[in-house]
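Analysis of the macromolecular model
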Amino acid sequence: MPVEKLPSTKVAIFKRYCREAAGVEALLLEGERAYIAGDHETASLLCHAALIRLNDSWSKFSRRLLVASALGLAGFTGKHPKAPNIADEGSAMAALGIGVPWREDWAWHVAGTFLGAARKLKVTNITTLNGSMGATPNPSEAVRFIRNFFAHRNPDTYRRAMTVCGGSRPVDFCFTEYERGRLKILVWLEDLRIIARLACD
């Protein structure tokens, strides 16, 4: 697998995530239309695809941000010093005990794992990352639980999804739960965009 080329700034990393998130939103809106029309099977498939894509996009964003932070790449508010003993993305991954190409199954998208890696690398923007990626509530965990149910459909993933969905089926939750006048799942998507923007300062 070829090594992904890292964008040159945190601003570029944020913009890339926003493009990926826009594709997720389009899938969710299409799923909402199908759900309203009574085609719950199509709605479920679209929700499944959207949440898998969102979880993957957030994981990739987190990984890119971690490496960019270790390298001191410029964000919206300027640059910060590189982490000690980190010369390039390969040395950042080696410091975490991860080979290149990067493992796609590493839990980049889990806030605690991400912040633990940032502390291990001794990134100099850790305060910014703690205040954004570590802020609560962070909808990435809820997204992950519902995504895992759609992806694996076993008793454990169902149980975890129910901690988010209550008594509703995940597809019903995604297309009937509202917050701030919008589908809650779309509010989560916007909240993740805000977290990403703050993390890229």
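To start, this report covers the structure provided alongside it. Predicted, not measured: the structure shown is a model, and the values here were computed from it.

1. Examining the environment of Arg53
Within the element layout of this structure, Arg53 appears in helix H2 (residues 40–71). With 27 residues separating them along the chain, Arg53 and Ala26 place their C-alpha atoms 12 Å apart. Not counting chain neighbours up to four residues away, the residues in contact with Arg53 comprise Gly23, Val24 and Leu27.

2. Structural notes on helix H9 (residues 184–199)
In a regular helix each residue adds 1.5 Å, so 16 residues correspond to 22 Å; H9 covers 22 Å between its end C-alpha atoms and thus fits that length. Considered for burial, the residues of H9 that qualify are Ile185, Leu186, Val187, Trp188, Leu189, Asp191, Leu192, Ile195, Ala196 and Ala199.

3. So, unusual backbone geometry
The peptide bond linking Thr136 to Pro137 adopts the cis configuration, its omega dihedral lying at 0°. Mapped onto the elements, Pro137 comes out in the loop between helix H5 (126–132) and helix H6 (140–152). Phi angles above zero are rare outside glycine, and Lys122 is one such case at about 60°. Using a relative accessible area of 56% as the deciding quantity, one classes Lys122 as exposed. Of note in this structure, Arg153 is not a glycine but carries a positive phi near 50°.

4. A closer look at the packing of H2 against helix H4 (residues 111–121)
Between H2 and H4, whose axes approach to 10 Å, the crossing angle comes to 15°. Classified by the angle between their axes, H2 and H4 sit roughly parallel to one another. Like other packed secondary-structure pairs, H2 and H4 cross with a definite hand, here right-handed. For the pair H2 and H4, the contacting residues are Ser62, Leu65, Leu66 and Ala70 in the first and Phe114, Ala117, Ala118 and Leu121 in the second.

Scoring rules and cut-offs
- Residues numbered from 1 in each chain as written.
- Predicted model: local features only at pLDDT ≥ 70, side-chain atom pairs only at ≥ 80, totals over all residues.
- Heavy atoms only, no water.
- Helix = DSSP H or I, 4+ residues; strand = E, 2+ residues; numbered from the N terminus.
- Contact = heavy atoms within 4.5 Å.
- Expected span 1.5 Å × (residues − 1).
- Buried < 20%, exposed > 50% of the residue type's maximum accessible area, 1.4 Å probe, protein only.
- Axes fitted to C-alpha atoms, helices over the stretch in contact; angles between N-to-C directions.
- Parallel < 35°, antiparallel > 145°, perpendicular 65-115°, else oblique.
- Left-handed = near helix turned anticlockwise from the far one by under 90°.

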